[in-house]
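In case you want the letters, here they are:
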Amino acid sequence: MSKTVLYRKYRPQSFEEVLGQEHIVPVLKNAVKAGRISHAYLFSGSRGTGKTSLARILAKEAGCSDVDLIEIDAASSRGIDEIRALREAVRFSPMQGKVKVYIIDEVHMLTKEAFNALLKTLEEPPAHAIFILATTELDKVPETIISRCQNFSFRKISEEVLRKALKNIAQKEGFEIDDGTAGLIALCAEGSFRDAQGILDQLISSGEKKITEETARRFLSAPSREIIEKFLTAILEKKAEMGLEAIQAGMEKNIEMKILYKMILRDLRSVILLKLAPAMKKQIQDSYGEKDFKFLEKCKDIAKPGELERALKIMLEYYETRSRSYLPQTPLELALLAIIGQNK
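Keep in mind that what you see is a predicted model, and the values were worked out from it rather than measured.

Undergrad: Which parts of the structure should I look at to understand the packing of helix α7 (residues 159-172) against helix α8 (residues 179-189)?
TA: Axis angle and axis distance: for two packed helices, these are the angle between their axes and the distance between the axes, and together they describe the pair. Two numbers describe how α7 lies on α8: the axes approach to 8 Å, and their chain directions differ by 125°. With respect to each other, α7 and α8 are oriented oblique. Note on packing geometry: the crossing formed by α7 with α8 is right-handed. In this structure, α7 contributes E159, L162, R163, L166 and K167 to the contact, and α8 contributes D179, A182, G183, I185, A186, L187 and A189. A per-class count over the contact of α7 with α8 returns seven nonpolar, one polar and four charged.

Next up, the structure:
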């Protein structure tokens, strides 16, 4: 018997279980409580942020039974025939619950003709019907559709929320994971619960009861702390050769350059916050292992005023050119040289 994957097993079942969308959940809860549920919603945001999960919760809270909940994947059912069939079916009253709810995932994939057909239904929906449209590409949804929905923009899940959620899941599954490992997974998940839980699922499958940071690094092709610390030291000590050697060491170990770049950005930001916002020390400390945090504090103490801020700005500028680079390491090398040149 196959096991249930983590992102399905730990999918939120109530408004209270939804994490990272505090700007949306209270609005929907109050709408349900006041009996002012709209006939059409549009949930937009990057993958893995909880759009479909919250749509299902809203449907249940609105009084929709399982049999009256219809989910449509617009990526595979995108034509006018499918929407015409929906328009016919929506006229019939719900079989068990108070309302019929249609969740249309990746709605931006519908054809122009299908959107026109859907628009007619949204303009004059039956009283018992609720439509919840979800998309990762809001710019591809026609304005005519957007204007007839209540719009909610889902945020990427913060690393802190992801890290805490991962530790909680690991504990429930009987596995041990430390803050550093959970932080690394959260960083690589890029704000997606589904991606973070997918990575954790694969790491748990190894059978080890304690998931170490080294195990996670190997799986994710992430750089060692030695490489990251060598690069940051090169910035602070203005040693171009040391920084280039760190990058080359990463290339020789076949690490993912995007992850190296992101980890350097995260460390630079953390050092700046330690220097300028001491009240955040505990929060930052919880995201790193003890040894790694001591290194960041050392960087904070030796960095000159404005030096780190300039470095972070340059790193961000070159990060944007990463996808256009023929050689994956080149933007990072140029960023290093630009930083050292400005800091001299």
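Right, picking up where we left off after that structure.
Undergrad: Would you explain α7 in this entry?
TA: Helical geometry note: an α-helix holds 3.6 residues per turn, so side chains three or four residues apart project in the same direction. Its 14 residues place the ends of α7 20 Å apart at the C-alpha level, agreeing with the 20 Å of an ideal helix rising 1.5 Å per residue. Taken together, the buried residues of α7 touch α1 (6-9), β6 (176-177), α8 and α9 (193-204).

Undergrad: What exactly am I supposed to notice about the sheet that holds strand β1 (residues 40-44) here?
TA: Across a sheet, paired strands are connected by hydrogen bonds in the backbone, their directions being either parallel or antiparallel. Taking strand neighbours across the sheet as the criterion, the five strands line up as β2-β3-β4-β1-β5 in an open arrangement whose pairing is parallel. Whereas interior strands pair on both sides, the edge strands pair on one side only; in this sheet they are β2 (69-73) and β5 (150-153). On average, adjacent strands in this sheet sit at an angle of 15° to one another, irrespective of strand direction. In the packing of helix α3 (residues 51-61) onto the sheet, the strands contacted are β1, β2, β3 (100-105) and β4 (129-135), and the crossing angle to β1 comes to about 155°. Of the strands in this sheet, β1, β3 and β4 are in contact with helix α5 (residues 112-123), which crosses β4 at around 135°.

Undergrad: Just checking my understanding: could you explain the pattern of salt bridges for this structure?
TA: Pairs can form between side chains of opposite charge whenever their charged atoms are close. Enumeration over the complete set of coordinates arrives at 24 salt bridges. In this structure, the salt-bridge partner of D292 is R225, at a minimum N-O distance of 3.5 Å. Placement of D292 in helix α15 (residues 290-302) and of R225 in helix α11 (residues 225-237) is noted, with a sequence separation of 67 residues between them. Overall, R225 belongs to the buried group, its relative accessible area being 8%. Among the salt bridges present, the one from K239 reaches E237, with a minimum N-O distance of 3.0 Å.

Undergrad: Honestly, the packing of α11 against α15 in this entry has me stumped. Any pointers?
TA: Close contact between α11 and α15 brings their axes to 11 Å; oriented N to C, the two are set at 5°. What the angle tells us is that α11 and α15 run roughly parallel. Residues R225, E229, L232, T233 and L236 of α11 pack against D292, F295, C299 and I302 of α15. When its residues are assigned to classes, the contact of α11 with α15 shows five nonpolar, one polar and three charged.

Conventions used here
Residues numbered from 1 in each chain as written. Predicted model: local features only at pLDDT ≥ 70, side-chain atom pairs only at ≥ 80, totals over all residues. Heavy atoms only, no water. Axes fitted to C-alpha atoms, helices over the stretch in contact; angles between N-to-C directions. Helix = DSSP H or I, 4+ residues; strand = E, 2+ residues; numbered from the N terminus. Parallel < 35°, antiparallel > 145°, perpendicular 65-115°, else oblique. Left-handed = near helix turned anticlockwise from the far one by under 90°. Contact = heavy atoms within 4.5 Å. Nonpolar A, V, L, I, M, F, W, Y, C, P; charged D, E, K, R; others polar. Expected span 1.5 Å × (residues − 1). Pairing = 2+ DSSP bridges. Salt bridge = Lys/Arg side-chain N within 4 Å of Asp/Glu carboxyl O. Buried < 20%, exposed > 50% of the residue type's maximum accessible area, 1.4 Å probe, protein only.

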